[in-house]
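For reference, the chains in residue letters:
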Amino acid sequence: MLTVALPKGELLKNSIRLLQAVGLDFSAFLDSGKRQLQITDASGQAKGLLVRAQDVPVYVEYGQAQLGVVGYDVLREKQPQVAHLVDLQFGHCRMSVAVKATSSYRSPLDLPPHGRVASKYVNCAREYFHSLDLPVEIVPLYGSVELGPITGMSEAIVDLVSTGRTLSENGLIEIATLYESTARLIAHPLSYRLNTGNLSDVIAKLREALLVEV
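Because the structure is predicted, anything quoted here is derived from the model rather than measured.

So, how was this worked out
- Residues numbered from 1 in each chain as written.
- Predicted model: local features only at pLDDT ≥ 70, side-chain atom pairs only at ≥ 80, totals over all residues.
- Heavy atoms only, no water.
- Core = buried A, V, L, I, M, F, W, Y, C linked by side-chain atoms within 4.5 Å.
- Buried < 20%, exposed > 50% of the residue type's maximum accessible area, 1.4 Å probe, protein only.
- Helix = DSSP H or I, 4+ residues; strand = E, 2+ residues; numbered from the N terminus.
- Contact = heavy atoms within 4.5 Å.
- Phe/Tyr/Trp six-rings, centres within 6.5 Å; stacked < 30°, edge-to-face > 60°.
- Pairing = 2+ DSSP bridges.
- Axes fitted to C-alpha atoms, helices over the stretch in contact; angles between N-to-C directions.

**Some details on the nonpolar core**
Looking at soluble globular proteins, one finds that nonpolar side chains tend to be buried together.
Move 1: Counting 31 residues, the largest nonpolar core has L6, F26, L67, L88 and L185 as the members making the most contacts within it.
Move 2: Taken together, the elements giving at least two residues each to this core come down to β1 (2–7), α1 (12–20), β3 (46–51), β4 (67–71), β5 (83–87), β11 (183–187) and α8 (199–213).
Move 3: Here this core takes 6 residues from α8, the largest share from any one element.
Move 4: Once residues lying within four places of it in the same chain are set aside, the contact partners of L88 are L18, V69, A183, R184, L185 and L210.
Move 5: Counting 21 residues, the second-largest nonpolar core is a separate cluster that includes Y121, A125, Y128 and Y179.

Here's what the structure looks like:
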């Protein structure tokens, strides 16, 4: 039986809608009255796992799921050993550098050498500033990173931005974009090669469904 890892949060609703278009119904995950983390599609073709977005590539890489839906931001940060299949064209956002609007910084290169940058995307932030040849201290934060510059703990943050509203409401502005991110379809490499659970047929149907939407 095919197993699909689905991300909790912003990407879930569109992930379920896309899978419904190819005959796999995991809409029970949207029922707020239920707490099931694993369900079987009504057709009996597949199981769905509901996991944190950051854990989707882990379940796929280790073979507990043959398919998964996850943001490109997670793939860039974690660099998992998975097959990257399709850009699903939803969940649009960007990875940005942001600072206090009242600061004098208007470019990452304006930041002081060995200054502090707070981020939950430690690897992406480190890679980016390394590419600029600007030595900074990356401070790992996993809650509201906006508090870094607000409290003076850091000069800047690197974080995922969708509408920019949270930054604006906290007096921060974007000064650079590292990359754009959307939801991606990934697969367990060996399962993909061996066509486990008729994987190639499901992937082909998903590609067709996306073309119809466009």
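The structure having been displayed, the exposition proceeds.
**Let's talk about unusual backbone geometry**
Move 1: If you check the backbone angles, H114 has positive phi at about 65° while not being a glycine.
Move 2: Overall, H114 belongs to the exposed group, its relative accessible area being 62%.
Move 3: The backbone phi angle of N195 is positive, close to 60°, even though this residue is not glycine.
Move 4: Here N195 shows up in the loop between α7 (189–194) and α8.
Move 5: Residue classification places N195 among the partly exposed residues on the basis of a relative accessible area of 29%.

**Observations concerning the packing of aromatic side chains**
Move 1: This structure, assessed with the given rule, holds 2 aromatic pairs.
Move 2: Each ring, one from Y72 and one from Y179, has its centre 5.5 Å from the other, and the planes form 80°; the classification is edge-to-face. Linking Y72 in helix α3 (residues 72–78) with Y179 in strand β10 (residues 172–181), this pair joins segments that are 107 residues apart in sequence. Just as Y72 is buried, Y179 falls in that class too.
Move 3: Seen in terms of ring centroids, Y128 and F129 are 5.3 Å apart; in terms of plane orientation they differ by 80°. Their pairing is edge-to-face. Here the two residues Y128 and F129 agree in accessibility, since each one is buried.

**A few points about the pairing of β3**
Move 1: Burial analysis of β3 places 5 of its 6 residues in the buried class, which makes it a mostly covered element.
Move 2: Relative to β3, β1 runs parallel, the two being bridged by 6 bridges. Bridge pairing in β3 links L2 to A46.
Move 3: As paired strands, strand β2 (residues 38–40) and β3 are joined by 3 bridges and run antiparallel to one another. Residue T40 lies in a different strand from β3, and its bridge partner there is K47.
Move 4: Between β2 and β3, which follow one another and run antiparallel, lie 5 residues, and G44 among them has a positive phi close to 80°.

**Looking at the sheet that holds strand β7 (residues 116–119)**
Move 1: An order of β8-β7-β9-β6-β10 is seen for the 5 strands of this open sheet, with the pairing classed as mixed. Strands with a single pairing partner mark the edges of an open sheet, and in this sheet they are β8 (137–140) and β10. On average, adjacent strands in this sheet sit at an angle of 25° to one another, irrespective of strand direction.
Move 2: Relative to β10, strand β6 (residues 93–100) runs antiparallel, the two being bridged by 8 bridges. The residue of β10 that forms the bridge with S96 is T177.
Move 3: Strand contacts of helix α4 (residues 122–131): β6, β7, β8, β9 (156–161) and β10, with the helix running at about 170° to β8, the strand carrying the most contacts.

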